[in-house]
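Examination of the molecular architecture
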Amino acid sequence: MDTAGDATIVDAARRQARWTPRLAWLAGYMPLRSTGVDSFRLLHPAADGRGVLIAILDTGVDPAVPGLQRTTRGDRKLLDVRDFSGEGDVRLNEVVPSRGGIIVVGDQRVSGFGQVAGRARRPYFAGVLREQALGVGPAADLNGNGTAVDEFVVVAARGSAGWFVVVDTDLDGSLDGETAVHDFAEAGEVLQMRSPDGGPGPFGLGVNVSESVRGEPRVAFVLDNSGHGTHVAGIAAGHDLFDVEGFDGVAPGAQLLGLRISNNARGGISVTGSMLRAMNHAVDLAARRRVPLVINLSYGVGHGHEGRAAIDSMVDEFTLKHPHVPVVVSLGNDGPGLSSTWLPASAEHAIAVCGLLPGVFARPPEPGVPAQPDRLRWWSSRGGEVVKPDICAPGIAYSSVPAWRAGDEISDGTSMAAPHVAGLAALLMSDPPAGRRPRAIDVKRALTNTARPLPGATVLDAGRGVADVSAAYRWLASEHQTGVYAVRALDRDGADRGVPGAYRRNGLPPGDTLQRFVVRSMDGQPAARLRMESDAAWLAAPELVEPERGVVTIDVWYDPERLTAPGVYVGTVWATAERDTLAGPSFGLTNTIVVPYELDGPRTWRGRLTPGGTQRFPVDVPPDAGGLVVRLTAEGSVGGTVHVFEPDGRPYRDRRSDVIGRGGSARVDVLGSDIIGGVYEVVVTAPPADSLSFALEVAAPMVRVLGAPVLARADVATRGPSETTAVVAIDWVGARIDARAAATGGAPGRVELDPPSWAAGLVLDVHVADDVWPRLTDFGVTVLDGDGGVLSAGPMSYAHKRGVVSFDSSGARPRVIELAPSFAHMDPRGEWSATVAITYIPAAPVPMPFDSLGTLDYLVPVGRDGATVRSRLPELPPVAEGFSHVVEIRATDPQGRMARWRGVVGRNE
């Protein structure tokens, strides 16, 4: 599940959202106008999504929420809610009631079994639904009584209409007065626990009841204990949301499937095989009902290596096997850095959606003040080697949430943009203008080839632009002929790395002016003769290309004289079928050339950005740099944001960005011990409604720390030939021990913890093996206390995760780290492994005095050959055998730039 982080926008919108839902609807907080949905539905009232099924693969959908009950024609909105995560499973055992109608389930005695026995035959089964298994806080408090440790007895039996369950919803130890509930797909019945005041609890639950091969029941409760999936569902197809007549999502006539693929108690991670199993379930159900299907996946994690993810290949295989099923995926929220697209949005044949900020959210309408335009949001991920996104849609909306999430009706992220486009697809498929059911490629091409370009945005920022549903409808009415193509960029040696885009991260080597692509027709038809047209002056291609047997190799050329100034160059050669040029491009050959600034000294830039604008500064950082210091200063009355991205495109692991206020400054420091030699990307963004004048300084400290010191020695040197004077300080910052977790298949791994008494928290550095990460759809890191309670849980966005766990005042201390891989394949084979560095940290660092002077800071002349500063470990708290002391060394040059190194200094053996 992807989440965005624009707290300023969301908080401001939520302040406005204290209005009633009716006022939020009137204000345009379900931003249908951005893609023309409001006017389209007036012109085409029958094309409101009716007859189309949208599958929401997410955290679940709450079936009790107003607005997700009926379609515009009065049909049932939610056809099924189903759990593929295992979180809601209840373990059942056979029970035999006493003559008095009492059963014993675990340590609970439950009466009132007569009503079950009166409608069912033996055998009977029972188990317990435990709140504690669902996480912590209100997300697990099924009855809203303020605790998350309740246990609800569940009874399953087989009656004349099939299996049903009865639950002690009020925890009174009796089944008297409880209602039998059947499988949701069959009956559409909703279960709610009883709140302390006797009313319904804050969750709506659907029940999945099936029969095993041994004839025993399997029971799972489907709920949304995140709120994410319910919010997404309301955007895609809500009707009369919040019981406000006319407050609709994009396709209010469509029906929904709420397919839960994530385990929220483990940080909202998908589970092994859940994506593919849910997609196959949706296809099978739609086929049985003979209705068109759209799949929405507002989910994803960052790439390890673009083009190698198993789930990308599986999604592409799925789309080719089911050519009439559009798969819409959120792009991810790791922008604005290049090469930050999440999987599975990077699947070539999926529709990947980036996020817009509608003008109404940037600044509420004021009389006499021009309305703000829609703009691309900085957190929306960008393409690189994968040529994504495909299209843009609003990435923030006021939508439905479960009752326990009241007050959080506004959420932002590309998670909100994807269901908007899934709804657009349903509109186009519900009353197709040509009278025939369009293929997924027709829907995708209709949306992309008619989109409105965003000024100043490249295809890696915004794809083809903002979707326009009326224009897409007219495109489909013209019955253009479209083909499905797979594009691959070849390396200089002719190797196919499996990515569609050519991406040179460090300029052009001398003489490197040719890029070769291989294009294949994937729909069984020979490719049409193609007209080629470049959109960049530095990029050239042949005018016509004649494919042979559906395969063609296309060479494009670069003009190196136009690629000398530092910056980012993006150009595309567009290929259009000669037989139907009005259809627009069939595919593009996108080339990205990054020409970095050399960091041979401090670099300073001044600039001015228009509202919502972005400027990129690629900087070549040497591997021996003592760190990276990035400082942004706002020179006017508004603030901005500065971001730092590592050479592979992921946000810097310790701190992805910093926001500054009016006239303020922001700083991001990259530790010298974290430096990866290569081209870092520093990006400055302006606020959505105001221009930004700024000064940006990027520098590597003149001094650096040489390698890992041994016990009490720090080696410091300058990066240049001149001598300088550095201020050196060394602190003890904790004790570290390394561990390894491994398991077979999709089973979780565990690391036992024994925190020392002095520890106030811990820092986790988790590394998943490089050969494992591309096989995953998620990887969860959960910290548990001694009773199995969850202290923290969250997904890894990349193969390395650094996180801090603070020990709270309650005395609960972490005892287990659970590492849970989620594999793309349903039946993964072989062993997986991950390494875990556990650093226990004290309440405050302990300064280490220097031997020679006895002072805490040591002023030392440093030359290119370095200087050695010796200090000694002070009296420290005890640590167990196998631990290493961890120190932080700071060397500050005369300009105030600090080189920082953090690491082990020796073992306590």
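Provided above is the structure to which this section pertains.
Residues numbered from 1 in each chain as written. Predicted model: local features only at pLDDT ≥ 70, side-chain atom pairs only at ≥ 80, totals over all residues. Heavy atoms only, no water.

Here's the deal with the state of the cysteines
- On inspection of all chains with the given rule, the structure shows one disulfide.
- One disulfide in the model links Cys-354 with Cys-392; its S-S distance is 1.8 Å. Taking the torsion about the sulfur-sulfur bond, which here is approximately -85 degrees, the covalent link between Cys-354 and Cys-392 counts as left-handed. Taken together, the residues span a long stretch of sequence, with Cys-354 in strand E20 (residues 351-357) and Cys-392 in strand E22 (residues 391-394) at a distance of 38 residues. Pair check on accessibility: Cys-354 and Cys-392 agree, each one buried. (Disulfide = S-S within 2.5 Å. Helix = DSSP H or I, 4+ residues; strand = E, 2+ residues; numbered from the N terminus. Buried < 20%, exposed > 50% of the residue type's maximum accessible area, 1.4 Å probe, protein only.)

Looking at the nonpolar core
- Ranked by size, the top nonpolar core spans 94 residues in total, and within it Val-728, Phe-779 and Leu-819 carry the most contacts.
- At eight residues, the largest contribution of residues to this core is made by helix H7 (residues 274-289).
- Counting residues in hydrophobic clusters, the runner-up holds 65 residues, among them Ala-24, Val-52, Ala-251 and Ala-397. (Core = buried A, V, L, I, M, F, W, Y, C linked by side-chain atoms within 4.5 Å.)

Brief notes about unusual backbone geometry
- The omega angle of the peptide bond from Arg-122 to Pro-123 is 0 degrees, so this bond is cis rather than trans.
- Its location among the elements puts Pro-123 in strand E7 (residues 120-130).
- In the Ramachandran plot, Leu-171 falls in the positive-phi region, its phi being about 60 degrees despite a non-glycine side chain.
- Relative to the elements of secondary structure, Leu-171 occurs in the loop between strand E9 (162-167) and strand E10 (181-182).
- Judged by relative accessible area, Leu-171 falls into the partly exposed class, the value being 33%.
- In this model, Ser-339 sits at a positive phi of 60 degrees, which is unusual for a non-glycine residue.
- For Ser-339, the location among the structural elements is in the loop between strand E18 (327-330) and strand E19 (342-343).

Some words on the side chain of Glu-681
- The residue Glu-681 is located in strand E41 (residues 678-685) in this model.
- A polar contact of 2.9 Å, which involves the side chain of Glu-681, links it to the backbone nitrogen of Leu-338.
- Here Glu-681 is in contact with Gly-337, Leu-338, Arg-616, Phe-617, Pro-618, His-643, Val-644 and Phe-645, once residues within four sequence places are set aside. (Polar contact = N/O pair within 3.5 Å; in protein donor to acceptor, adjacent residues only side chain to side chain. Contact = heavy atoms within 4.5 Å.)

Remarks on the environment of Leu-32
- On the secondary structure map, Leu-32 appears in the loop between helix H2 (21-26) and helix H3 (37-43).
- Residue class for Leu-32 comes out buried when judged on its relative accessible area of 11%.
- Sequence spacing of Leu-32 and Ala-393 is 361 residues, and the spatial spacing of their C-alpha atoms is 9.5 Å.

Re the sheet that holds strand E30 (residues 544-545)
- Across the sheet, five strands lie side by side as E26-E33-E32-E28-E30; this open sheet has mixed pairing. Each edge of the open sheet carries a strand with a single partner, namely strand E26 (502-504) and E30.
- Relative to E30, strand E28 (residues 530-534) runs antiparallel, the two being bridged by two bridges. Bridging from a neighbouring strand, Arg-531 pairs with Leu-544 of E30. (Pairing = 2+ DSSP bridges.)

Here we look at the pairing of strand E51 (residues 814-823)
- Within E51, nine of the 10 residues are buried, which leaves the element mostly enclosed by the surrounding structure.
- Inspection of the sheet shows strand E46 (residues 749-752) paired to E51 by four bridges, in the antiparallel sense. Opposite Arg-750, over in E51, you have Glu-818 as the bridge partner.
- Bridge count for strand E48 (residues 776-785) against E51 is nine bridges, and the pairing is antiparallel. Bridge assignment links Asp-778 to a residue of E51, and that residue is Ser-822.

Focus: the packing of aromatic side chains
- The full count for this structure, using the stated rule, is 18 aromatic pairs.
- Ring geometry for Trp-538 versus Tyr-569: centroids 6.4 Å apart, planes at 80 degrees, classification edge-to-face. With a gap of 31 residues between them, Trp-538 in the loop between E28 and strand E29 (539-540) and Tyr-569 in strand E32 (residues 567-577) connect regions that are remote in the sequence. The exposure classification of Trp-538 matches that of Tyr-569, with both residues buried.
- Ring plane angle 40 degrees and centroid distance 6.0 Å describe the contact between Tyr-840 and Phe-883, whose orientation is recorded as tilted. Here Tyr-840, found in strand E52 (residues 831-841), pairs with Phe-883, found in the loop between strand E55 (867-870) and strand E56 (884-892); they are 43 residues apart in sequence, far enough to count as distant. (Phe/Tyr/Trp six-rings, centres within 6.5 Å; stacked < 30°, edge-to-face > 60°.)

Observations concerning the sheet that holds strand E37 (residues 627-634)
- The antiparallel open sheet is built from four strands, whose spatial order is E35-E42-E37-E40. In the strand order of this sheet, the two ends are held by strand E35 (603-609) and strand E40 (665-671), each with one partner. Between one strand axis and the next, the sheet turns through 15 degrees on average, direction left out of account.
- The pairing of E37 with strand E42 (residues 692-699) spans six bridges and is classified as antiparallel. By the bridge assignment for E42, Val-629 is matched with Ala-699. (Axes fitted to C-alpha atoms, helices over the stretch in contact; angles between N-to-C directions.)

Let's talk about the pairing of E48
- Here E48 lies mainly inside the structure; 10 of its 10 residues are buried.
- As defined by bridge partners, E48 adjoins strand E49 (residues 790-795) across five bridges and the pair is classed as antiparallel. Opposite Thr-782, over in E49, you have Ala-793 as the bridge partner.
- Between E48 and E49, which pair antiparallel in sequence order, lie four residues; one of them, Gly-788, sits at a positive phi of approximately 85 degrees.

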